[in-house]
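The chain contents come next:
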Amino acid sequence: MEVLETIKTRRSIRKYQTTPVDDRVLEQVLEAARWAPSWKNSQCWRFIVVRDNKVKAELAGALISNPSTEAVMSAPVVIVACAELGKSGYHQEKAATDKGDWYMFDVALAMQNLVLVAHSLGLGTVHLGLFDAKSAANILRVPDGYCVVEMTPLGYTDQEPQVRPRKELSEIVFYDSFGKR
Ligand SMILES: Cc1cc2nc3c(=O)[nH]c(=O)nc-3n(C[C@H](O)[C@H](O)[C@H](O)COP(=O)(O)O)c2cc1C
């Protein structure tokens, strides 16, 4: 698939078939994440591949009134993205900008790579942020110095969701200064 077509045809998938995901396919989506750019190539991301139904059910319990709770339980795989803190956005152990720790940014780049390659391989995903990150970290035994950023179910889709509309370019693009069209 051409990149722009892949970007435009990806949808958030909240219903999955139980068909397992082949290890080689899983490796390809993880490769896509691994090759994302990051602050000074610091690669603060860590990925936890969850296949155990008990762990998936526990993770689903950490979701906060989330339309994707069922998806976390039923998808064959859930990928949880964690970050090592104090690496991205840092230079010589100090925050290098006034924007603090950039871990969210780097993990988002990796996870967007992952979901796009998953889609190009015929798999569904949905970025999930609405959960109790501390509960998720406890469930997955994430050590101090790391946090859980997001998770996505991964599997073959069992729905064809509607396209969610996007703002027009004329609403979001300015020229030379903010607000100038
Ligand atoms: C950072 C982030 C967090 C999100 N968290 C959730 C979530 O917790 N639960 C959920 O069902 N969808 C979640 N979504 C999916 C968005 O609702 C979805 O991407 C948006 O409505 C656009 O739909 P589309 O992905 O099908 O184009 C999240 C998306 C992003 C980028």
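It should be emphasised that the depicted structure is a prediction, and the values quoted were computed from it without experimental measurement.

### Things to note about the overall build of the chain
Secondary structure summary: the chain contains 7 helices and 6 strands in total. What you see in the chain, going N to C, is helices and strands ordered as α-α-β-α-α-β-β-β-α-β-α-β-α. Against the globule reference of 16 Å for 181 residues, the chain gives a C-alpha radius of gyration of 17 Å, in line with a compact fold. For the chain, the spread of C-alpha atoms along the three principal axes comes to 50 × 40 × 35 Å. When each of the 181 residues of the chain is scored for burial, the buried share is 36%. In the chain, of all internal contacts separated by at least 6 residues, the share reaching a separation of at least 24 is 78%. Computing the positive centroid from 22 side-chain charges and the negative centroid from 22, the chain places the two 3 Å apart.

### Some thoughts on the pairing of strand 2 (residues 77-84)
Within strand 2, 8 of the 8 residues are buried, which leaves the element mostly enclosed by the surrounding structure. In strand 2, alternate side chains face the same way, and those of Val77, Ile79, Ala81 and Ala83 on one face and Val78, Val80, Cys82 and Glu84 on the other are all buried. Judged from the 6 bridges that link them, strand 1 (residues 45-50) and strand 2 form a sheet pairing that is antiparallel. Counterpart to arginine 46 in the pairing with strand 2 is cysteine 82. Judged from the 8 bridges that link them, strand 2 and strand 6 (residues 146-155) form a sheet pairing that is antiparallel. Along strand 6, the bridge assignment pairs valine 78 with proline 153.

The rules behind each value
- Residues numbered from 1 in each chain as written.
- Predicted model: local features only at pLDDT ≥ 70, side-chain atom pairs only at ≥ 80, totals over all residues.
- Heavy atoms only, no water.
- Helix = DSSP H or I, 4+ residues; strand = E, 2+ residues; numbered from the N terminus.
- Rg over C-alpha atoms; globule rule 2.2 N^0.38 Å.
- Buried < 20%, exposed > 50% of the residue type's maximum accessible area, 1.4 Å probe, protein only.
- Contact = heavy atoms within 4.5 Å.
- Lys, Arg positive; Asp, Glu negative; His and termini not counted.
- Charge placed at Lys NZ, Arg CZ, Asp CG, Glu CD.
- Pairing = 2+ DSSP bridges.

The quantities given are spatial measurements derived from coordinates; they are silent on function.
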